[in-house]
Amino acid sequence: MRVGIIGNYGHNNNGDEAILLGILAQLQVIGIPKENVVVFSNYPNKTAKQYNIRAVPLVIKKGSALPSARATLKQAKKVMKELDLVIIGGGGLLMDMYRRDAPLYSSLGTMAKRCGCRLIIHSVGAGPIRTRVGTFFLRRLVKAADAVSVRDNVSKQLIEKVSGRRDIEVVSDPAFAIPMPPKRQQTEQLIKVGITAAPYYSKQYWPVHDEQKYQQYIRGMANAADQLIEQHRAEVTFFSTKYPQDTEVSKDIQALMAHREKAQIIDRQLLPDDIMRVSSEQDIVIGTRLHSLILSVTVGTPVIGVEYHHKVRHFMEAINEEAFSLQIGKHGDGIVQAVDTFQKQWPDTQARIARKSAELHHEAFRSLENIEVLQPSGPVQKNRQESDGGQPS
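Everything numeric in this text was worked out from a predicted model, so none of it was measured.

Asks: Which parts of the structure should I look at to understand helix α8 (residues 245-256)?
Replies: A turn of α-helix holds 3.6 residues, and therefore any two residues three or four places apart point the same way. Compared with the 16 Å implied by 1.5 Å per residue over 12 residues, the 18 Å span of α8 between its first and last C-alpha is a close match. For α8, every residue scored as buried is listed here: D246, T247, V249, S250, I253 and Q254. Taken end-on, α8 shows its buried residues confined to a sector of 155°, consistent with a single buried face. The elements touched by buried residues of α8 are α7 (211-232), β9 (235-238) and β10 (263-265).

Asks: Any chance you could explain the sheet that holds β10 here in plain terms?
Replies: Remark on secondary structure: sheet strands pair via backbone hydrogen bonds, oriented parallel or antiparallel. Within the open sheet, the 6 strands sit side by side as β10-β9-β8-β11-β12-β13. Their pairing is parallel. At either end of the open sheet lies a strand with only one pairing partner, and these are β10 and β13 (325-327). Looking at each pair of strands side by side, their axes are set apart by 20° on average, direction ignored. Here strand β12 (residues 303-307) runs beside β13; their pairing, made up of 3 bridges, is parallel. Within β13, the position partnered with E307 by the bridge is Q327. Packing of helix α10 (residues 290-298) onto the sheet brings it into contact with β8 (192-196), β11 (284-287) and β12, and relative to β12 it is tilted by some 170°.

Asks: Hey, could you run me through the pairing of β9 in this one?
Replies: Walk down a regular strand and you will see the side chains alternate between the two sheet faces. Looking at chain direction, β8 and β9 are connected through 4 bridges and run parallel. Paired with G194 across the strands is T237, a residue of β9. As a crossover connection, the stretch from β8 through α7 into β9 is right-handed. Of the pairings in the sheet, the one linking β9 to β10 comprises 3 bridges and is parallel in character. Counted as the bridge partner of T237 is Q264 from β10. Taken together, β9, α8 and β10 constitute a β-α-β crossover, and its handedness is right-handed.

Asks: Please clarify how unusual backbone geometry should be interpreted in this entry.
Replies: Keep in mind that most residues, glycine aside, have a negative phi and that most peptide bonds are trans. Note that the residue after G127, namely P128, is joined by a cis bond; omega there is 0°. Take P128: it is sitting in the loop between β5 (118-126) and α5 (132-144). A positive phi is found at N12, a non-glycine position, where the angle reads about 65°. Relative to the elements of secondary structure, N12 occurs in the loop between β1 (3-6) and α1 (14-29).

Asks: Can you walk me through the pattern of salt bridges in this structure?
Replies: Where charged atoms from two side chains of opposite charge come close, those side chains can pair. The final tally for this structure, using the stated rule, is 16 salt bridges. A salt bridge links D84 to R2; the nearest nitrogen and oxygen atoms lie 3.2 Å apart. With D84 in the loop between α3 (65-80) and β4 (85-94) and R2 in the segment before β1, this residue pair connects regions lying 82 residues apart in the sequence. For D84, a relative accessible area of 7% corresponds to the buried category. A salt bridge links E321 to K356; its shortest N-O distance comes to 2.6 Å. With E321 in the loop between α11 (310-318) and β13 and K356 in helix α13 (residues 346-366), this pair connects stretches of sequence that are 35 residues apart. Across the pair, exposure class does not vary: E321 and K356 are buried alike. Ionic contacts of the salt-bridge type, sharing partners, join the residues E248, K251 and D267 into one network.

Asks: Explanation requested: the state of the cysteines in the structure shown.
Replies: Here a disulfide denotes one covalent bond, and it connects the sulfur atoms of two cysteines. Inspection of every chain in the model, using the stated rule, returns 0 disulfides. Free cysteine C117: the closest other cysteine sulfur is in C115, separated by 5.9 Å. You can call C117 buried: its relative accessible area is 3%.

Asks: So what exactly am I meant to see when it comes to the sheet that holds β1 here?
Replies: The 7 strands are arranged β3-β2-β1-β4-β5-β6-β7 in an open sheet whose pairing can be described as parallel. A single partner strand is all that each edge strand has here, and the edge strands are β3 (54-57) and β7 (169-170). Pairing analysis gives 3 bridges linking β5 to strand β6 (residues 147-150), with the strands arranged parallel. Bridging across to β6, I120 finds its partner in A147. Against the sheet, α1 engages β1, β2 (37-41), β4 and β5, with an angle of about 145° to β4. Along the sheet face, helix α2 (residues 44-51) touches β2 and β3 and points at about 165° away from the line of β3.

Asks: Quick question: what am I supposed to make of the packing of aromatic side chains here?
Replies: A ring pair, where both rings are aromatic, is described by two values, the distance of the centres and the angle of the planes. A full pass over the atoms with the stated rule returns 8 aromatic pairs. Between Y200 and Y201 the ring centres are 4.7 Å apart and the planes differ by 90°, which places this aromatic pair in the edge-to-face class. You can call Y200 buried: its relative accessible area is 12%. Residue classification places Y201 among the buried positions, given a relative accessible area of 18%. The interplanar angle of 50° and the centroid separation of 4.5 Å between the aromatic rings of F324 and F342 together place this pair among those described as tilted. One end of the pair, F324, is in the loop between α11 and β13; the other, F342, is in helix α12 (residues 331-344), with 18 residues separating them in the sequence. There is no split in this pair, since F324 and F342 are both buried. Taken together, Y200, Y201, W206, Y217 and Y308 form an aromatic cluster joined through their ring pairs. Between the NZ or CZ atom of K46 and the centre of the ring of Y43, over which it lies, the distance is 5.2 Å.

Rules used in this analysis
- Residues numbered from 1 in each chain as written.
- Predicted model: local features only at pLDDT ≥ 70, side-chain atom pairs only at ≥ 80, totals over all residues.
- Heavy atoms only, no water.
- Helix = DSSP H or I, 4+ residues; strand = E, 2+ residues; numbered from the N terminus.
- Expected span 1.5 Å × (residues − 1).
- Buried < 20%, exposed > 50% of the residue type's maximum accessible area, 1.4 Å probe, protein only.
- Arc of directions from axis to C-beta.
- Contact = heavy atoms within 4.5 Å.
- Pairing = 2+ DSSP bridges.
- Axes fitted to C-alpha atoms, helices over the stretch in contact; angles between N-to-C directions.
- Right-handed = clockwise from strand over helix to strand, strands pointing away.
- Salt bridge = Lys/Arg side-chain N within 4 Å of Asp/Glu carboxyl O.
- Disulfide = S-S within 2.5 Å.
- Phe/Tyr/Trp six-rings, centres within 6.5 Å; stacked < 30°, edge-to-face > 60°.
- Lys NZ or Arg CZ within 6 Å of the ring centre and 35° of its normal.

Okay, here's the thing in structure tokens:
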């Protein structure tokens, strides 16, 4: 079986890279080696080198939007004619917060069907979906798919509402399937604190800049770090899953700290293996980025979530740790209170997360096995009745 994987890969967001690593591992479990896989990447040369895999452009830019769309779909059609299966996989792909996403993934998914491929939407997050255009494209994509799975119950409810489908499965994030992750060793006391910070409403990154919200966020993080240093003698380490954007936010937080000299920043690109290693060396991780939380739980490190996006809350609910998921605005004191709770129940907290880590790792490896279109009942027979025309309808 020849497989194409579509997602937000190659963009220096190592949460997305962790997803890709996990999907490749899941495919290998069901007998599809990476030699049979092609990845649609924002930067295909980078992806090909990093994974030793075939990669093609996710988007081809030809000046304005319409010529770019035509060139992108023309190239996708050429590649997809060689494939049996296309996976739109992992990450918060089913949303319209960014203008390009819904039309792009919908058009590529529909093109896959026109080329005779089976189409799977695998372990994605959904929302926000707020526009008529976004709703139209995402409904079309979901209805075209042969199988759909999402990573949390809220995404399931939203996609059911948008599409009318009732056969949507909830599965573990593919990052939990990364093979042979390092495992954190239990400690007697909570001292080492890892922190990841996303550029929440910052002018450098967020679709709509709001300086007041950004300052509220970073001041809350700085105050929490100071209190942990004072009350728990914490050793604070900032690290990023998207470099350099997250590191710049970490520097803004450190500059507001009274004890800034006691906090270090890892100021370099960390690949998924590096993030897991750093996470495994911490006693806890206070995570804003979703995949800093996921990769930390993967290695058995307790986490506190800071809800820069609803997907953080949804993940913490999915692993029954919602008591340690904090709204921005309440996150400063909330972090300190959560750490106090962890400290009082430290052996039990570590054991609980270790059990969840093992369960999620097992579930993630099995999440592709039961999809009907992937059952070993013979090779996928491609339908070559597609039109030779250009764009999908």
